[in-house]
Amino acid sequence: MRIPEIAARYLYRRAERRRARGHVAAAHHDLARAARAGYAPAQHALARAYQIGQGCPRSGALAKRWYAAAASNGYTDAQFELGLILLNKRDLGWMAGSSSAWLNHRGDHEKSLVAALFPAGFESDGDPAEAFSWLLRAAEAGKAEAQANVGWLCLRGIGCERDRAEAHRWFTAAAVHDVSQAALGLAEYYGTADATDQDLGQSALWAKKASELGNASGSHRYGLALRDGAGIERDLPEAEKYLGLAVEQGHPTAAYDGAVLALARNPTAGEVQALIERLRLCGKRNHIPSAMLLAALYRRGDGLQPDDREVAHWYRVAADLGDVQAQFMFGCLYARGEGVALDLKHAARYFELAASGGHPQAAFNLGVFSLNGQGTEQNVAEAKRWFAIAATGGLAQAQLRLGQILIREAVTQVEIASARILIERASDAGSEEAKVALARMLLADGSTDSEQKALVVLREAANAGEVEACELLLQKEAPGRNLEAVIQVLQRAARSGKPSAKFILAEAMLTGERVPRDVLTAIALLKEAAAGQEARAHFLLGVAYCQGVHVSQDLSRGYRHYLEAARLNHPLAQYNTGVMLLQGTGAEKNVEEAINWIRHAASNNVDKAVELIQSLEPRALLSDTNA
């Protein structure tokens, strides 16, 4: 039987007294009786008890039910709370509270019991339109917080038509009562970029007001206004102060903006460590820019010890959140084994994620992997597909690689022309390697016009420091003033330690055709280039020592240089090494190893090696049989 209102009011007041004395269970019993009697304040108090689990198990579903009852009875605070609940979908954990774990494990035979206990279901869908309706009732009743919320809904068009005038009216009404969300709403209102009544000065003023009222987003917004000079005078120290205040007030990402600002002024090591800790909190909240900045800081070691493992950790965080650049960088770490174990399969996986997200360099890397069978199966068709994606993205390296593959595969002149267009695009984009490739194609044409065009392209590449272009110019350019610049480029490259430049200079000095002959300097440069693993330098030194040209003859030393060049895949050196081992010249005779090197040379298309191996194979087989 429903009790009278006067009794319900008594039970409600007694519940308040019992709760004050700490008798929450007894208070809950009184509230429940008063609420069932239809007393709105008790219904609201009971909803609040279920929402926070005071004197009863926490249950969002029951809280929503009793808020709705109180709201329907005209209770303003309940209308406000119900409106907030209805703005968003609520999951099982919120609906069932501590019972959610139990509900998740119930069998089919207990469904009827569960349904009886929770007739409204285990989840609650948001209803922005109904939320707006309840919040509007509370706002019209004078609740300032509801007025601020209605202002935001009108400004964003959530649950209602977008209406800036209404938003301004409700924000202004709530701001009179110092509601921080209203002040922030006015900052947003005046800061809207495409609005006719945009006023950055007013926006900054209201952001500051929101900050003074303890609003973290207001502090963050005002800090950014000070940083950018948006509507107020630019003041970086003050901006940093407000961004720091936003962090203290709990803003989820203000630490990132504050860190960027602080790092620009070269902070002390102690300050950097404090910034790192703040950024870590942001990164743990899945803020991608913070994770990326942490990775960059640990990589460069700006004010802290470089740490490859930290770099890998934060790139992984951002990569797993879908950031394309982070996916690319994490793939690079796997490819180099930095901060993580070297793993080309994982590198390929992250490159593919980044490439699928539109990262041209990742697509190029994946093309190289597919071409070489690194981290994935060797597949020229896949390589071409990824190179094509990267080439479409404007990456000159990819245009060059794709063009080179298509040239090798071309059968018709049309296919050759298509491939050449790609290489020309890479050359026009500034790729020095592509300029050299294009020049080789032009020189292969054999026409005077093509040769002149090739020389122009080679000069451009040489001026940019491309050593291979210098080598071709030394072969093709007429002696004279043009070669002075080429020699200077080679000399600079040689001084910087580039082995190929040392070899090219040495070769030119030995012949004396394009530069003054200088045997002593040439031999010294060849030795330096050989020490830098330049195969051609080892080969020339092998020739010099074996023939006694420019140096005293030393067959043993000549053999060692041939062997090093052979190991570096120099075809003629492989042949010469095999012949010397076969004859026991400069090294102990070793027929088996000799044949092995001659086979290598034959596979590299050395005609003399092909002929020799054909004559040696029957003898080698006979020797094996006799053994």
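Right above here is the structure, for reference.
Being a predicted model, the structure only gives us computed values, none of them experimental.

Enquirer: How would you explain helix α33 (residues 555–567) if you had to name every residue and give the values?
Expert: With 13 residues, α33 ought to run about 18 Å at 1.5 Å a step, and its terminal C-alpha atoms sit 18 Å apart, in line with that. Where α33 is concerned, the buried positions are G558, Y559, H561, Y562, L563, A565 and A566. Check the buried side of α33 and you find it contacts α32 (535–547), α34 (571–583) and α35 (591–603). The first or second residue beyond α33 is N569, which carries a positive phi of 70 degrees.

Enquirer: Which residues make up the packing of aromatic side chains, and what are the values?
Expert: Counting across every chain of the model gives eleven aromatic pairs. Their ring planes at 65 degrees and their centres at 4.9 Å tell us that F330 and Y334 sit as a pair that is edge-to-face. Highlighted residues: F330 and Y334, both in helix α20 (residues 324–336), separated by four residues, approximately one helical turn. When sorted by exposure, F330 lands in the same class as Y334, which is buried. Directly above the ring of Y350 sits R349, whose terminal nitrogen or CZ lies 4.8 Å from the centroid.

Enquirer: Go over the packing of helix α30 (residues 499–511) against helix α31 (residues 519–531) with me, naming the residues and quoting the values.
Expert: Close contact between α30 and α31 brings their axes to 8 Å; oriented N to C, the two are set at 155 degrees. Considering their axes alone, α30 and α31 lie roughly antiparallel with respect to each other. Judged by the sense of rotation from one axis to the other, the crossing of α30 with α31 is left-handed. Of the residues in α31, those in contact with P499, K502, F503, L505, A506, M509 and L510 of α30 are V519, T521, A522, L525, L526, E528 and A529. Residues that form the contact of α30 with α31 fall into these classes: eleven nonpolar, one polar and two charged.

Enquirer: So what's going on with α34? Residues and values would help.
Expert: If you check α34, its first and last C-alpha atoms are 19 Å apart, about what 13 residues at 1.5 Å a residue would give, namely 18 Å. Along α34, ten of the 13 residues are buried, which leaves the element largely enclosed by surrounding structure. Of the positions making up α34, those classed as buried are A573, Q574, Y575, N576, T577, G578, V579, M580, L581 and L582. A positive phi of about 70 degrees marks G584, the residue just after α34.

Enquirer: Explain the pattern of salt bridges residue by residue, including any values.
Expert: Pairs can form between side chains of opposite charge whenever their charged atoms are close. In total, this model carries 28 salt bridges according to the counting rule given. Between D228 and R227 there is a salt bridge, with its nearest N and O atoms 2.7 Å apart. D228 sits in the partly exposed class, given a relative accessible area of 47%. Judged by relative accessible area, which is 23%, R227 ranks as partly exposed. K502 is paired through a salt bridge with E528; the nearest N and O atoms lie 3.2 Å apart. With a gap of 26 residues between them, K502 in helix α30 and E528 in helix α31 connect regions that are remote in the sequence. According to the relative accessible area criterion, K502 is buried, its value standing at 12%.

Enquirer: Any details on the environment of A506? Residues and values, ideally.
Expert: For A506, the location among the structural elements is in helix α30. Sequence-wise, A506 and G558 are 52 residues apart; in three dimensions their C-alpha atoms are separated by 18 Å. If we skip the residues at most four places from it in the chain, A506 touches A522, L525 and L526.

Enquirer: Residue-level account of the environment of A544, with values.
Expert: Relative to the helices and strands, A544 resides in helix α32. For the pair A544 and R557, spaced 13 residues apart in the sequence, the C-alpha separation amounts to 9.8 Å. Not counting residues up to four positions away in its chain, the partners in contact with A544 are V549 and V551.

Criteria and cut-off values
- Residues numbered from 1 in each chain as written.
- Predicted model: local features only at pLDDT ≥ 70, side-chain atom pairs only at ≥ 80, totals over all residues.
- Heavy atoms only, no water.
- Helix = DSSP H or I, 4+ residues; strand = E, 2+ residues; numbered from the N terminus.
- Expected span 1.5 Å × (residues − 1).
- Buried < 20%, exposed > 50% of the residue type's maximum accessible area, 1.4 Å probe, protein only.
- Contact = heavy atoms within 4.5 Å.
- Phe/Tyr/Trp six-rings, centres within 6.5 Å; stacked < 30°, edge-to-face > 60°.
- Lys NZ or Arg CZ within 6 Å of the ring centre and 35° of its normal.
- Axes fitted to C-alpha atoms, helices over the stretch in contact; angles between N-to-C directions.
- Parallel < 35°, antiparallel > 145°, perpendicular 65-115°, else oblique.
- Left-handed = near helix turned anticlockwise from the far one by under 90°.
- Nonpolar A, V, L, I, M, F, W, Y, C, P; charged D, E, K, R; others polar.
- Salt bridge = Lys/Arg side-chain N within 4 Å of Asp/Glu carboxyl O.

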